[in-house]
Amino acid sequence: MMAPTVLLFGHSFVQRFRKYLSPQPLPTNTNFASFLQVNNTVSTLLVKGVSGLKVTDAATPNGPLLSLVVEHAPDIVILDIGTNDLDVDEPQHYTHLLVTYLQNLGDALVNLYGVRRVVFCQILTRDPDSNKPRADTSVHLINLSIFAVNLAMKLFANDQSSHFGYWVMKGLNHQAALAPDGLRLRLWGNHNKASSKLTMY
C-alpha cells in the first residue's frame, strides 16, 4: 500500500504549525509522525493555513481548500477550522449552523471530490484571562460554543467512521502552551499538538 497524500488545511494556527514542522524533522515519537507513516513510508504532506479563514470560505468552490483538493487530489484532508466562525456576537446562535457547515463540507470532500478520509480537528478553547475576542461577546460564551461544536463533530466522526476521523488536542489549553494572546500556540503547544492522538474510528 502506497503512503497517502495528506492535506492539512485551516486558519492561522496551521501556518504556525507549519513553521513548527519546517525547521527540523518531525520527532518520530509524535502521534502525527506515526499517522503520516504507512508501511514505513512517509506520506506526502501538504500544509496550507489562511489567516482569518472561516468554514464558509473553505467551502467556496473556487476557494483555497477546494482548489487545493482539485489540484493535488489528497487521500486524507485534515481540517483545522472553526474558531473564527465563533468570534461573533452571541456565538451560541451559530453553534448548530457551524456544525452543519462542517458536516456538509466533510460530506462534499468525500462524495464529490473523492477524498478517502476527512479528519476534523478539535477547536481549541481560549484563555479568558488574556484573550479578548474581536466581537462584543465574552470568551466564556465562545468557549461554551466551542465545547458544543467539538462534541457534535466527535460524535459525527464516530457515527460516520468509514470516512471521518477526529483529532483530539491534549494539553493545549494550559497557559504554558498558549501564546500571550490566549488563543494561538507557542512552540511547546505545537509540539503537544503533534503529540496528540488522531483518532481514526
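All of the points below concern the structure found in this document. Worth saying up front: this structure is predicted, and the values here are computed from it rather than measured. (Residues numbered from 1 in each chain as written. Predicted model: local features only at pLDDT ≥ 70, side-chain atom pairs only at ≥ 80, totals over all residues. Heavy atoms only, no water.)

## Some words on the overall build of the protein
Note the cut-off: The numbering of helices and of strands both runs from the N terminus, where a helix is a DSSP run of H or I of at least 4 residues and a strand a run of E of at least 2. We call a residue buried when its accessible area falls under 20% of the maximum for its residue type, exposed when it is over 50%, and partly exposed in between, using a 1.4 Å probe and counting protein chains only. Here a residue-residue contact requires only that any non-hydrogen atoms of the pair lie within 4.5 Å. Using the Shrake-Rupley algorithm and a 1.4 Å probe, accessible areas are obtained, with residue cover drawn only from the displayed protein chains.
Of the regular secondary structure elements, the protein holds seven helices and eight strands. Of all 201 residues assigned to the protein, the portion counted as buried reaches 51%. A separation of at least 24 residues holds for 76% of the contacts in the protein among residues at least 6 apart in sequence. As presented, the protein carries roughly 9,700 Å² of accessible surface, and 52% of it is formed by carbon and sulfur atoms.

## A few points about the nonpolar core
Short version of the rule: Each nonpolar core is a collection of buried residues, namely Ala, Val, Leu, Ile, Met, Phe, Trp, Tyr and Cys, held together in the definition by side-chain atoms within 4.5 Å.
If you look at the biggest cluster of nonpolar residues, it comprises 32 residues, and the most contacted ones within it are Leu-65, Leu-79, Leu-109 and Phe-120. Those elements giving two or more residues to this core turn out to be strand 1 (5–10), helix 3 (55–58), helix 4 (64–72), strand 5 (76–80), helix 5 (95–111), strand 6 (117–121), helix 6 (139–159) and strand 7 (164–167). Here Leu-65 is in contact with Leu-7, Phe-9, Ala-58, Val-77, Leu-79 and Leu-105, once residues within four sequence places are set aside. Leu-8, Val-47, Ile-76 and Cys-121 belong to the second-largest nonpolar core, a separate cluster that totals nine residues.

## Digging into a nonpolar patch on the surface
To be explicit about the condition: Patches in this entry comprise residues that are over 30% relatively accessible and not in a salt bridge; like charges within 9 Å are linked, as are nonpolar side chains (Val, Leu, Ile, Met, Phe, Trp, Tyr) within 5 Å. Should a side-chain nitrogen of Lys or Arg be within 4 Å of a carboxyl oxygen of Asp or Glu, the pair is scored as a salt bridge.
A cluster of nonpolar side chains, Val-70, Leu-112 and Tyr-113, forms an exposed patch at the surface whose accessible area comes to about 320 Å². Within the element layout of this structure, Tyr-113 appears in the loop between helix 5 and strand 6.

## A word on the side chain of Ser-145
By the element assignment, Ser-145 lies in helix 6. Residue classification places Ser-145 among the buried positions, given a relative accessible area of 3%. The residues touching Ser-145, leaving out its near neighbours within four places in the chain, are Leu-86, Pro-91, Gln-92 and Thr-95.

## Focus on the packing of aromatic side chains
Aromatic rings in a pair are described by how distant their centres are and how their planes are angled relative to each other. To keep it simple, the criterion reads: Whether two aromatic rings pair depends on their centres lying within 6.5 Å, for rings of Phe, Tyr and Trp, where Trp uses its six-membered ring; planes under 30 degrees apart make the pair stacked, over 60 edge-to-face, and the rest tilted.
Within this structure, the stated rule accounts for three aromatic pairs. Taking 6.1 Å as the distance between ring centres and 65° as the angle between the ring planes, the aromatic pair formed by Phe-120 and Phe-156 counts as edge-to-face. Of this pair, Phe-120 sits in strand 6 while Phe-156 is found in helix 6, placing the two residues 36 residues apart along the sequence. This pair shows no difference in class: Phe-120 is buried, exactly as Phe-156 is. Through pairs of rings, three or more aromatic residues link up here, namely Phe-120, Phe-156 and Phe-164.

## A closer look at unusual backbone geometry
The phi dihedral of Ala-73 is positive, around 50°, even though this residue is not glycine. Here Ala-73 shows up in the loop between helix 4 and strand 5. Given the relative accessible area of 53%, Ala-73 is considered exposed. Not every positive phi belongs to a glycine, and Glu-90 is a case in point at roughly 50°. On the basis of relative accessible area, Glu-90 is assigned to the partly exposed category, the value being 47%.

## What to know about the pairing of strand 6
To be explicit about the condition: Only strands joined by at least two bridges in the DSSP assignment are considered to pair. Assignment of crossover handedness uses the view with strands pointing away from the viewer, where a clockwise path from the first strand over the helix to the second indicates a right-handed crossover.
For strand 6, a buried count of five out of five residues is recorded, marking the element as mostly surrounded by other parts of the structure. Summarising the sheet, strand 5 and strand 6 pair through four bridges and their orientation is parallel. Along strand 6, the bridge assignment pairs Ile-78 with Val-119. Each parallel crossover has a hand, and for strand 5 linked through helix 5 to strand 6 it is right-handed.

## A few points about helix 4
In plain terms, the rule: This arc is taken over the directions from the axis of the helix to the C-beta atoms.
The set of residues buried in helix 4 consists of Leu-65, Leu-66, Leu-68 and Val-69. For helix 4, the arc enclosing every buried residue in end-on projection is 160°, short of the 170-degree limit, so these residues lie on one face. For helix 4, the exposed residues set more than 90 degrees away from the buried face come down to Val-70 and Glu-71. In the core, the buried residues of helix 4 are packed alongside strand 1, strand 4 (44–49), helix 3, strand 5 and helix 5.

## Brief notes about helix 5
For an α-helix, 3.6 residues make a turn, and residues three or four places apart therefore share a direction. Quick note on the threshold: Helices are assigned an expected span. That span is 1.5 Å times one less than the residue count.
Compared with the 24 Å implied by 1.5 Å per residue over 17 residues, the 24 Å span of helix 5 between its first and last C-alpha is a close match. Taken together, the buried positions of helix 5 are Thr-95, Leu-98, Val-99, Leu-102, Leu-105, Gly-106, Leu-109 and Val-110. The buried residues of helix 5 all sit within an arc of 130° when viewed along its axis, so they share a single face. Opposite the buried face of helix 5, at more than 90 degrees from it, the exposed residues are His-96 and Asn-111. On its buried face, helix 5 is in contact with helix 3, helix 4, strand 5, strand 6, helix 6 and strand 7.

Everything listed is a geometric property; what it means functionally is a separate question.
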